[in-house]
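Residues per chain, in single letters:
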Amino acid sequence: METKVTRRKFLQITSATFAGAAILASSNRVVENAIAAAEKKNGVVKIPSYCSICFWKCGLIGYVKDGKLWKLEGNPLDPLSKGRLCPRGNGGVGQHYDPDRLKAPLVRISSRGEDSWNVTTWDEALSYSAKRLMEIKEKYGPQSIAVFSHGPGGVFLKHTMRAFGVKNFTAPSFAQCRGPREVAFELTYGELVGSPERTDIKNSKCFALIGSHLGENMHNTQVQEFAEAIERGATIIVVDPRFSIAASKAKYYLPIKPGTDTALLLAWINVLIQENLYDKEFVENYTFGFEPLREYIKPFTPEWAFAETGIQPDLIRETIRELARYKPASFVHPGRHVNWYGNDVQRLRAVAIVNALLGNWNRKGAFYKPVKMDIPKYPYPPYPEADYEVVYNPNSKYPFAGEDEGLTQGVRSATITGEPYPIKAWVVYGTNLIQTMPNPAETIEAIKKLDFLLVIDVIPNEIAMWADVVLPESIYLERFDELNISPFRIPFVGIRQPVVPPPHDQKDGWWIARELAVKLGLEKYYPWMHIEEYLKYRVEAAGLSYEQFKKDGVILGNEQPIYVEDGLKLEFPFTPSQKVELYSTQLAEKGFSPLPTYERPPEPPPGYFRLLFGRVPVHTFSMTQSNRILMDMVDENEVWVNSDVAETLVLKNGEYVYLKNQDGILSNKVKVRVTQRIRPDCVFMYHGFGHTSKNLKRAYLKGASDSELISRYDIDPIMGGTGMNNNFVTFVRE
Amino acid sequence: MNELVITRHNEMIDPHLSIWGWEIPVYLFLGGLVAGMMIISGYFILTGRTKNTLCSCFRIPVIGIVAISLGMFALFLDLEHKLYVWNLYINFKWQSPMSWGAWILIFIYPILILGILIRIPDEIGQRFPKLLDLSNKLRNKQQFVKLLGALSMIFGGLLGAYTAVLLSAFSARPAWNSPMLWTLFLASGLSSAAALVHLIGKDPAERHMLAKADNGFLIAELIIIILMIIGFVSSSKVHIDAARLILSGPFTAVFWVFVVFIGIIIPFIIQILSVNNKIPHTNVAPILVMIGGLILRFIVVYAGQYSHWSRNVFTGY
Amino acid sequence: MARYAMVIDTTKCVGCMDCVVACKTENNVPEGFNRDWIAYETIGKFPILHMEIRSERCNHCDNPPCVYTCPTGASHISEIGGIVLVDYDKCIGCKACIAACPYDARFIHPDGYATKCTFCEHRVVEGLDPACVATCPTHCMYFGDLEDPNSEVSKLLQSRKYHVLQPETGTKPQIFYLI
Ligand SMILES: Nc1nc2c(c(=O)[nH]1)N[C@H]1C(S)=C(S)[C@@H](COP(=O)(O)OP(=O)(O)OC[C@H]3O[C@@H](n4cnc5c(=O)[nH]c(N)nc54)[C@H](O)[C@@H]3O)O[C@H]1N2
Ligand SMILES: Nc1nc2c(c(=O)[nH]1)N[C@H]1C(S)=C(S)[C@@H](COP(=O)(O)OP(=O)(O)OC[C@H]3O[C@@H](n4cnc5c(=O)[nH]c(N)nc54)[C@H](O)[C@@H]3O)O[C@H]1N2
Ligand code: SF4
Ligand code: SF4
Ligand code: SF4
Ligand code: SF4
Ligand code: SF4
Ligand SMILES: [Mo]
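Residues numbered from 1 in each chain as written. Chains lettered and ligands numbered in written order. Predicted model: local features only at pLDDT ≥ 70, side-chain atom pairs only at ≥ 80, totals over all residues. Heavy atoms only, no water.

## A word on the pairing of strand 21 (residues 609-614) of chain A
The side chains of a regular strand alternate between both faces of the sheet. All names here are of chain A. Summarising burial for strand 21: 6 of the 6 residues are buried, a large majority. For strand 21 and strand 28 (residues 728-732), the ladder comprises 2 bridges, and the chain directions are antiparallel. Note on strand 28: the bridge partner recorded for R610 is F728. One ladder, built from 5 bridges, connects strand 21 with strand 25 (residues 682-686); its direction is parallel. Each residue of the ladder has a partner; that of R610, found in strand 25, is C682. (Buried < 20%, exposed > 50% of the residue type's maximum accessible area, 1.4 Å probe, protein only. Helix = DSSP H or I, 4+ residues; strand = E, 2+ residues; numbered from the N terminus. Pairing = 2+ DSSP bridges.)

## Topic: the site of ligand 5
The local shell around ligand 5 consists of C58, N59, H60, C61, P64, P65, C66, V84, C101, Y103, R106 and K116 of chain C. Of the residues in the shell around ligand 5, the class split is 8 nonpolar, 2 polar and 2 charged. (Near = heavy atom within 4 Å. Nonpolar A, V, L, I, M, F, W, Y, C, P; charged D, E, K, R; others polar.)

## Topic: the sheet that holds strand 1 (residues 2-6) of chain B
One open sheet accounts for 3 strands, arranged 1(B)-2(C)-3(C); its pairing is antiparallel. Of all strands in the sheet, those bounded by a partner on one side alone are strand 1 of chain B together with strand 3 (48-56) of chain C. Taken over all neighbouring pairs, the strand axes of this sheet differ in orientation by 15° on average, direction set aside. (Axes fitted to C-alpha atoms, helices over the stretch in contact; angles between N-to-C directions.)

## What to know about the environment of G406 of chain A
All names here are of chain A. Looking at the secondary structure, you find G406 in the loop between helix 14 (344-357) and helix 15 (408-417). Residue classification places G406 among the buried positions, given a relative accessible area of 0%. Separated by 15 residues in the primary sequence, G406 and V391 place their C-alpha atoms 9.3 Å from one another. The residues contacting G406, other than those within four sequence positions of it, are F169, T170, A171, F174, A175 and Y392. (Contact = heavy atoms within 4.5 Å.)

## Topic: the interface of chain B and chain C
Chain B puts 39 residues into the contact, and the matching count from chain C is 44 residues. Between chain B and chain C lies a buried interface of about 3600 Å² when both sides are counted; carbon and sulfur atoms form 56% of it. Of all residues in chain B, T7, H81 and W309 of chain B give up the largest surface area on contact with chain C, accounting jointly for 16% of the area buried on that side. In this assembly, chain B and chain C are joined by 4 salt bridges. Note that D104 of chain C and R173 of chain B form a salt bridge whose closest N and O atoms lie 2.8 Å from each other. Where chain B meets chain C, there are 24 residue pairs in polar contact (both at pLDDT 80 or more). Among the elements of the structure, strand 1 and helix 3 (97-117) of chain B are those that each provide at least two residues to the side of chain B that touches chain C. Considering every element that reaches the side of chain B that touches chain C, the biggest residue donor is strand 1 of chain B, with 5 residues. Split by residue class, the side of chain B that touches chain C holds 19 nonpolar, 12 polar and 8 charged. Direction of pairing for strand 1 of chain B relative to strand 2 (residues 37-45) of chain C: antiparallel, over a ladder of 5 bridges. Residue pairing across strands places I6 of chain B opposite A39 of chain C, the latter belonging to strand 2 of chain C. (Buried area = accessible area lost by both parts, 1.4 Å probe. Salt bridge = Lys/Arg side-chain N within 4 Å of Asp/Glu carboxyl O. Polar contact = N/O pair within 3.5 Å; in protein donor to acceptor, adjacent residues only side chain to side chain.)

## Considering the packing of helix 7 (residues 181-200) of chain B against helix 11 (residues 284-306) of chain B
All names here are of chain B. Here helix 7 crosses helix 11 at 150°, and the two axes come no closer than 8 Å. Comparing the axis directions of helix 7 and helix 11 gives the class roughly antiparallel. In the crossing of helix 7 with helix 11, the sense of the turn from one axis to the other is left-handed. Contact residues: helix 7 offers L181, L184, F185, S188, G189, S191, S192, A195, L196, H198 and L199, while helix 11 offers P286, I287, V289, M290, G293, L296, R297 and V300. (Parallel < 35°, antiparallel > 145°, perpendicular 65-115°, else oblique. Left-handed = near helix turned anticlockwise from the far one by under 90°.)

## What to know about the domain arrangement of chain A
Residues and elements named next belong to chain A. Partitioning chain A into domains gives domain 1 (180-369 + 563-589) and domain 2 (609-732). In this structure, domain 1 and domain 2 have C-alpha centres spaced 29 Å apart. The interface of domain 1 with domain 2 comprises 27 residues on the first partner and 26 residues on the second. Between domain 1 and domain 2, a total of about 2000 Å² is buried, with carbon and sulfur atoms accounting for 60% of that surface. Our count for the domain 1 to domain 2 interface comes out at 0 salt bridges. For the pair domain 1 and domain 2, the interface holds 8 residue pairs in polar contact (both at pLDDT 80 or more). Contributing elements (two or more residues each) for the side of domain 1 that touches domain 2: helix 6 (172-189) and helix 14. Per-element tally for the side of domain 1 that touches domain 2: the top contributor is helix 14, with 3 residues. Residues belonging to the side of domain 1 that touches domain 2 are distributed by class as follows: 13 nonpolar, 10 polar and 4 charged. (Domains from an automatic or database assignment.)

## What about the interface of chain C and chain A?
Each partner contributes residues to the interface: chain C has 39 residues there, and chain A has 43 residues. Summed over both sides, the interface of chain C with chain A buries roughly 3100 Å², with 58% coming from carbon and sulfur. Three residues, T25, F46 and M51 of chain C, lead the burial of chain C against chain A; their summed loss comes to 21% of the area buried on that side. Linking chain C to chain A there are 6 salt bridges. For R698 of chain A, the salt bridge identified is with E31 of chain C, shortest N-O distance 2.5 Å. Across the chain C-chain A interface, the total number found is 19 residue pairs in polar contact (both at pLDDT 80 or more).

## Thoughts on the pattern of salt bridges
Across all of its chains, the model carries 66 salt bridges over all chains by this definition. For E231 of chain A, the salt bridge is made with K12 of chain C, and the minimal N-O distance between the two is 3.1 Å. A residue pair is termed interchain when its members come from two chains, as with E231 of chain A in helix 7 (residues 220-232) and K12 of chain C in the loop between strand 1 (4-9) and helix 1 (18-26). As a salt-bridge pair, R496 of chain A and D481 of chain A come within 2.9 Å of each other at their nearest N and O atoms. A residue pair is termed long-range when its members are at least 10 positions apart, and R496 of chain A in the loop between strand 18 (492-494) and helix 19 (509-519) and D481 of chain A in the loop between strand 17 (469-472) and strand 18 qualify at 15 residues. Note on D481 of chain A: relative accessible area 2%, which makes it buried. Because the salt bridges share partners, they merge into one network encompassing R178, R181, E182, E197, R336 and E405 of chain A.

This is the structure:
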């Protein structure tokens, strides 16, 4: 990073608060206290916390040897990790030691997008940011500020911004990730799937994964349970155009033509009904709209689906019969990253319906009812009224768009067009929008229109390099943070506390949020000085011991019934019909098909292949590629090409090529992996590579970015998700 | 089709072994050369030619000492933990060819030194009369001279074979794992040594004889190469793949052009002609032989590191 | 005397490399190197494929060519359950052991000596499983004593089908892959 160490005094901003210094001191002391409190053996100190390399939030134990971070292990008390972290979780050590980390606050000197910065103090950076935000609020109103925040660390920042009058909050977790499934399940059952997914893989006798590539998707508990299912000999059905790791464990592998899953699901429904395999009692007592469904589904035979999906009718029949045989301990997994083709709610509605016909809601081996620890909120003063419409969904264009997570691309287009009203500042916490949102060119166009871009991150990722002010946060192993109160099989609460102090001038998210609030004149929203007061308040208000909590890292609540088998009563109070809506009255009301519709996906132009993408077990999105430990496993992505295609195109395994998409966008060079493990009509890449930030020294231009090639996205009319799977690429040689 | 994807990418190990660079082939070549020279010089000593030729008794061991020292230095350069090298000489590991080698090299020095002592050139003798005395005394002990000749041949043979056994003992590397390799290296060492002696020899008769001997060694080498290839291709899949390295792989061109054609066939033809007095003796042939010998060591060392039990060099899987 | 071995269930392994990451942090394996790694072996033609996924490392062979070839005795079979180890202070870095190992299990540490998987001997003597075994999210790895007929590893080898890597090389590997 080009930094001018001689600090130019162009930031003429007042109020160097002493509160900041005082809190800094106490924050360091807390680290020592935590270390002193922990059990000591052979110079090794063990401190429990929870992981943040992804959003699963596994409980961990940090090992500190002679004051230095040594390793991480799962916390055996934690129900999510059960004493074992995933590879990324173990590799968290590399995030602490990453030499490329952001080390001190940076304020831009030159124009946006260029790499030239003033290294500054926290006081200056925060005062400057507060001043800019206040100016913008003054001029354009609080609605002109949008916050993008992903992950639990953003809680405090969002609190500050809410107090500031901001209402435009978004996260990629809805429109780029789980939105369609949550909407589809809410429409059908009146309840979310939620995270961690409420799927009971652990006890299941048979389940189908539609694209969910467990084993590459390393959401820890799910992978652990997946292995248990394999060991128990559960029937696993995997539907994927690529022979994924999960597919290699499956009894049935359905090599589906991409984008045609709804056809398969409709055929499954057809067989369930035609062959009378569905759960009649459940359908009778708990569902709404079976008759219209029965009529509707008639034409969607396995033979019909074969023409769409390429899956043999026999295989379609056999797999759904297998699911039916084991009902209710069988299910179709709703997936997680499900924004695929822009008509995804309809697909996920079909998933919800198959499950309903299996009568598996709140049943052992299918969907359990998640329970949550009851921890009171901190009593903050009420937020100011913000009586304006959110910017990302004008006139409720997408009637079922998420409220908390919003539509990221809606903020982006409003920023570009100024409609429904102008957006002048973005505050970005923990999301690398350049790689996260489809069509990065558009994101950059929007950024160029902004008056102010504030980024809080831990590494100089692409988004930070576009910022006006970059605030370096301490990583999760170096700070206190919000509690982990995840819905799960058993209520529990987990703590995040510092295992080691931050190595440079990085600060904790809560501290940044609080300081910013102070500078924005919102001090009254922070009755607590140090986050430990906040945590202690909440934990003790729940009747728990804070000291024990810090020592154990996790407190478990009492077991509660989570299945009908345990005596749980089945009820669906949150749908209009108070039943499971096979026929969705809500969709009908808004002018959408109340029964799931199949749309044939566009075909690739001749010579082009559909671009698919997904996870590699050792990386998380675009945030771990500079982690030196994880780089030692995988340091670039490859493009998977079917062997026969490779032979025709004379592509050699290991050679570098460029990919060009349908809009003429050229990727960085990327290695070819010639493999039998993918259909001939598509190619596949791991997401998150091809970094263009030079400051990620070893990740810079390693591999290709899928995001860059995703210049086309199809928006789901029901909930506003961005389907990213309709992009096509061809090979270009050097 | 079989796909094998391995996530390991350790330096010097992946995508194929590259632990040994130029140092080891140079060391093996010099070792082989010295071995050949010791056998030749031992033969001369044994057959009592010490009287009329300086070359075999003085110059050969002198060059031998220099060459073997250079070789050992190359080996030393290759060690990654140099400061610990003394560990080599506080142990003898009878199962380890490298341990054998280390100790053989130690015994070779006194033999070479004695080989020098038994015929000190006059110029040096005049300056160091005591040395001359010793030299004369030793030379007159028939039994001793015979023993020295025999020892020289034996240790030369051991050294030559060792340079190959060092590699062929690695059953993990199919391209090295041939029972013929030691004969190949011995023949090549002898041909290179004969070529060198030929090059530095003054006596036309001796040169004539060496050229003839050299041709014999070259023929032997060629036959051994053919036998080795037959041995490989009639063995397991991995050995067939190993043979493919020099039959239709990355080493094919260098091997056939430099080792076989330039290193064996051309010098053989030249020497046939000169032995039969069709053309005068030239230095071209022996130089080519030595170049061929050196390149042979490079190819063998590299091909062995390429060959593998589980990973196919040809498909990348 | 104990004979330590590892049994790995390839039907459960998802090839996530967690074992590799855990080894790196536990043993401070230098940047750029791995003591263990994953092999994905796929047979067949799309879509009829079979894939075996294996977590591989030094096999702690019963007949270890790396030990035999070592000129200094640095590579040796340890008293502790037959674990094959390197005494770094005896190693001269000649790399013979690396060439001798058909599994490419060894490498030269940046400090100059040969190194490889130690079966986490430092943990084993404390009664812990090796780090890779202890972290594996699919619980597909088992570590134990083959001399003890009641150990989990012994029982698994009695009840399940398995194979070892390149038995043709005669090394007698002590890592067994359940199929
Ligand atoms: N290691 C690791 N694990 C992670 C994450 C991570 O970053 N790294 N992120 C986590 C998060 S937030 C999410 S949302 C999940 C996402 O992970 P998942 O929800 O499991 O998977 P997707 O990203 O939806 O889909 C990727 C798979 O879908 C297949 N696919 C592509 N197109 C189609 C299609 O049209 N039909 C079908 N049937 N299959 C298709 C691809 O071949 C690939 O195998 O992973 C989670 N787990
Ligand atoms: N092309 C493409 N786009 C996708 C996906 C895809 O598969 N392909 N997947 C989609 C899905 S499912 C999801 S969930 C989203 C995920 O999208 P994001 O959540 O944006 O994921 P990342 O790209 O990893 O960006 C996370 C950023 O947070 C930073 N960060 C990490 N830890 C901390 C911290 O402790 N504090 C702060 N302040 N910052 C931190 C990282 O350095 C990084 O810059 O992406 C979506 N977008
Ligand atoms: S799944 Fe892995 S990365 Fe995600 S929280 Fe758990 S251990 Fe961390
Ligand atoms: S950690 Fe376990 S599941 Fe993952 S690759 Fe290693 S052995 Fe396989
Ligand atoms: S696997 Fe290799 S290094 Fe390990 S004992 Fe066997 S031969 Fe030696
Ligand atoms: S490198 Fe070290 S351990 Fe390996 S053979 Fe040489 S001396 Fe022995
Ligand atoms: S046993 Fe220990 S040293 Fe060996 S691979 Fe596993 S973690 Fe690494
Ligand atoms: Mo996601």
